[in-house]
Structure formats: structure tokens, C-alpha cells
Amino acid sequence: MIKAGHINNLGQLTHNLEEGTPQGSVLSPLLCNIYLTLLDNYIEELKVKYNMPRNTRKNSTYNKLALKLKNLKNKGHNDVNHPEYKNYIKTLKLLLNTYSTDETLNIKICFIRYADDFIIGINGSKEFARSLYLDLDKFLDSIDLKLNKDKTLLTDFCSKPIKFLGFLIKNVSLTKRAYTYTYNKTTGKLIKARARVRLSIFMDKDRVLKRLLEKKFIKWGIKKNTNSIKILKGTSRNNLINLDHADILRYYSSVMRGIFNYYRIVNNMPKLSNILW
């Protein structure tokens with residue numbers, strides 16, 4: 001498969017490959033996954049080291065306040081203006097439901113990788129994240145790999161989204177869906193509760209528009225009856241001019257279907273519909 005060659009810009013089959021595999025070859029991700037097993041094993045060792053369960057015990061003060069708060073809710077006194085309810089909520093936010101007996105940070109590490117793109121999630125301090133970044137850089141150097149400095153970022157997930165594979169992964173607190181509203185079965189009152197989902201996945205709109213501009217599906221133009229307002233417009237594809245209508249529709253449908261299928265899991269799907277239609 002390495003010797004299969006590739007099609008150059010002139011549409012000719014060429015075999016002058018000195019190293020590597022042709023871009024788009026099915027062999028490329030296979031070899032990548034085989035080699036990056038070393039990275040997977042390294043991260044697993046870190047997870048075993050830091051994700052061990054800590055010796056924790058319940059915070060009795062927190063539990064007592066939580067029980068009182070629950071009793072107030074059962075009685076229907078869950079209005080934010082209720083003095084006791086408001087005071088309990090304010091106090092609970094300052095407490096931890098458990099605390100470590102060894103007085104160490106409860107560090108957690110998670111790892112997601114797709115081919116050579118990966119995210120390392122860390123529940124810990126920024127200093128720990130920096131030290132882990134330096135250790136990772138040294139490890140990759142030991143197996144003749146380098147981190148892309150332009151794409152490798154230390155991001156505070158609580159304040160900024162993460163870009164990964166064309167998606168924007170956001171902390172749910174950065175969106176308007178940080179809370180849900182349900183009705184109390186006993187009193188029938190509306191209750192505001194924190195959403196169970198802690199993250200949301202969005203389409204990177206700027207990336208999609210950039211790709212469509214590069215592929216010349218759209219272009220910038222001036223809105224009618226204005227001299228300065230720029231809008232995006234569809235472009236004519238001269239390379240399709242000799243095809244019949246059915247083939248042209250089939251071509252555009254395949255492109256749109258591919259984009260929709262890729263981003264079908266995002267929370268802002270309506271924006272994608274606006275772009276394509």
C-alpha cells in the first residue's frame with residue numbers, strides 16, 4: 001500500500017515517494033494508531049498514578065445543611081427569596097461535601113485521541129497542567145515526535161471552549177443551558193436545577209465557512225442597495241457545467257449530506273442549516 005502511489009496536481013499517477021504514505025491513504029491512520037500506542041500507554045500510566053481513589057470522608061456540616069435544605073424543598077419553601085433557603089444555598093456553596101484525609105488535591109486525568117489529535121483533560125491546578133505538559137513534551141521527544149506548538153494549548157475549560165476535530169466543546173456554564181426547570185410533584189411549583197450535562201458540543205462555524213470559502217462554494221459579496229455591508233453568497237461551479245441536472249444535484253447533495261452527518265451531534269444544528277441553505 002505504501003508503493004501504491006498517488007495522483008498529483010496534473011492528474012497523473014506517481015510513485016516517487018521517498019517516505020511516508022499518500023495523504024488520505026487508509027494505511028496512514030492505521031500506522032498512526034499503532035505507533036501512538038506508546039502515547040496511550042504513557043497516559044494510562046499517568047491515570048493509574050493520579051486517578052487513584054482518595055481516602056475521603058463525609059463533611060458532616062455539609063450533610064446537615066443539605067438535609068435541612070431538602071426538608072425545606074419538600075415543604076415547598078424553595079423560593080430563592082425565602083430567607084432560610086437562600087442562606088442554606090449560600091453556605092453550601094462555600095463547603096465541600098467531602099474532603100481528603102491526606103490533604104492532597106484530588107487530581108483526575110482523562111484522555112481522548114483521534115489519530116494524532118488528542119485532548120488531555122485535567123482536574124487540578126494550572127501548575128500541575130504545566131508540569132504535565134512539559135513531561136509529555138519530553139516523552140514525545142523520546143519517541144521522535146514533536147508537539148505542534150501552534151496547536152498545543154493550555155485552556156481553562158471553565159472559561160474558554162476547546163477546539164477539537166472541527167468542534168467547539170464548551171463548559172455548560174458558558175451557555176444558556178446551565179440550568180433546567182422542572183415542576184415539584186408535591187407543590188407543583190417551578191424548580192430551577194443545575195443541568196446534569198456538564199459540557200456541550202457546538203459546530204465551529206468559522207471553520208466551516210473557511211472551508212467552504214477555500215473550496216469556492218461561497219464567496220464574499222456586497223448586499224444589494226448597500227455599499228459596505230458584506231455577505232456570503234453562493235458561487236457558480238464551472239467544473240460542473242457539462243453535467244446534467246441530476247448529477248449536479250447529486251454532487252451538492254453529497255457535500256451537504258457529508259457536512260450534516262459530521263455535525264449531526266452538535267447543539268447548534270440550526271446555524272448549520274442557515275449556512276447550507
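Above this text you will find the structure in question.
Computed from a predicted structure; not experimentally measured.

Looking only at helices and strands, the chain has eight helices and 13 strands in total. Within the chain, the proportion of its 277 residues that are buried is 25%. Pairs at least 24 residues apart make up 46% of the contacts formed inside the chain by residues separated by at least 6 positions. Summing over all exposed atoms, the chain offers an accessible surface of approximately 21,400 Å²; the carbon and sulfur share of this is 54%.

With that out of the way, let us pick up a nonpolar patch on the surface. Side chains of Leu30, Leu31 and Ile34 sit close together on the surface and give an oily, nonpolar patch of about 280 Å² of accessible area. Relative to the helices and strands, Leu30 is located in helix 1 (residues 27-35). Assessed through its relative accessible area of 48%, Leu30 is described here as partly exposed.

Turning to the pattern of salt bridges, a few remarks are in order. Tallied over the entire structure, the rule returns six salt bridges. Here Asp40 makes a salt bridge to Arg113, at a shortest N to O gap of 2.9 Å. Highlighted residues: Asp40 in helix 2 (residues 37-50) and Arg113 in strand 5 (residues 108-114), separated in sequence by 73 residues. The salt bridge involving Arg250 is made with Asp247; its shortest N-O contact spans 2.4 Å. Taken together, the positions of Arg250 and Asp247, both in helix 7 (residues 245-262) and three residues apart, correspond to about one turn of that helix.

Counting 17 residues, the largest nonpolar core has Leu39, Leu46, Ile109 and Leu140 as its most contacted members. Mapped by element, the contributors of at least two residues to this core are helix 2, strand 5 and helix 5 (126-142). Residue contacts for Leu39: discarding those within four places in its chain leaves Phe111, Arg113, Phe118, Leu136, Phe139 and Leu140. Counting ten residues, the second-largest nonpolar core is a separate cluster that includes Met203, Val208, Leu209 and Val266.

Glancing now at the packing of aromatic side chains. Under the definition given, this model contains nine aromatic pairs. With centroids separated by 4.2 Å and ring planes inclined at 5°, the aromatic side chains of Tyr42 and Phe139 adopt a geometry described as stacked. With Tyr42 in helix 2 and Phe139 in helix 5, this pair connects stretches of sequence that are 97 residues apart. When the centroid spacing of 5.2 Å and the interplanar angle of 65° are considered together, the rings of Phe167 and Tyr263 count as edge-to-face. Of this pair, Phe167 sits in strand 8 (residues 167-171) while Tyr263 sits in the loop between helix 7 and helix 8 (269-276), and the two are 96 residues apart along the sequence. Of the two residues examined, Phe167 and Tyr263, each falls in the buried class. Members of the aromatic cluster, each reached through a chain of ring pairs, are Phe167, Tyr262 and Tyr263. In this structure, Lys170 is placed above the aromatic ring of Phe202, and the distance from its NZ or CZ to the ring centre is 4.7 Å.

The next subject is helix 7. Spacing of three or four residues puts side chains on the same side of an α-helix, whose turn is 3.6 residues. Over its 18 residues, helix 7 runs 26 Å from end to end, which matches the ideal 26 Å to within 8%, given 1.5 Å per residue. The set of residues buried in helix 7 consists of Met256, Ile259 and Phe260. All buried residues of helix 7 project into a common sector of 100° when viewed along the axis, lining one side.

Attention now moves to the packing of helix 3 (residues 60-74) against helix 4 (residues 83-92). Running from N to C, helix 3 and helix 4 cross one another at 150°; their axes reach a closest spacing of 10 Å. Between helix 3 and helix 4, the angle falls in the class roughly antiparallel. Two packed elements cross with a definite hand, and for helix 3 against helix 4 that hand is left-handed. Residue-level contacts link Tyr62, Leu65, Ala66, Lys68, Leu69, Leu72 and Lys73 of helix 3 to Glu84, Tyr85, Tyr88, Ile89, Thr91 and Leu92 of helix 4. In terms of residue class, the contact of helix 3 with helix 4 is built from nine nonpolar, one polar and three charged.

On the basis of which strands lie adjacent, the open sheet formed by three strands has the order 7-8-11 and antiparallel pairing. Sheet topology places strand 7 (162-164) and strand 11 (199-203) at the edges, where each strand pairs with a single neighbour. Neighbouring strand axes in the sheet, compared pairwise and without regard to direction, differ in orientation by 30° on average. Here strand 8 runs beside strand 11; their pairing, made up of five bridges, is antiparallel. Bridging across to strand 11, Ile169 finds its partner in Ile201.

Calculation criteria
- Residues numbered from 1 in each chain as written.
- Predicted model: local features only at pLDDT ≥ 70, side-chain atom pairs only at ≥ 80, totals over all residues.
- Heavy atoms only, no water.
- Helix = DSSP H or I, 4+ residues; strand = E, 2+ residues; numbered from the N terminus.
- Buried < 20%, exposed > 50% of the residue type's maximum accessible area, 1.4 Å probe, protein only.
- Contact = heavy atoms within 4.5 Å.
- Areas by Shrake-Rupley, 256 points an atom, 1.4 Å probe, with all protein chains shown as cover.
- Patch = residues over 30% accessible without salt bridge, like charges linked within 9 Å, V, L, I, M, F, W, Y side chains within 5 Å.
- Salt bridge = Lys/Arg side-chain N within 4 Å of Asp/Glu carboxyl O.
- Core = buried A, V, L, I, M, F, W, Y, C linked by side-chain atoms within 4.5 Å.
- Phe/Tyr/Trp six-rings, centres within 6.5 Å; stacked < 30°, edge-to-face > 60°.
- Lys NZ or Arg CZ within 6 Å of the ring centre and 35° of its normal.
- Expected span 1.5 Å × (residues − 1).
- Arc of directions from axis to C-beta.
- Axes fitted to C-alpha atoms, helices over the stretch in contact; angles between N-to-C directions.
- Parallel < 35°, antiparallel > 145°, perpendicular 65-115°, else oblique.
- Left-handed = near helix turned anticlockwise from the far one by under 90°.
- Nonpolar A, V, L, I, M, F, W, Y, C, P; charged D, E, K, R; others polar.
- Pairing = 2+ DSSP bridges.

Just geometry here; none of it tells us what the structure is for.
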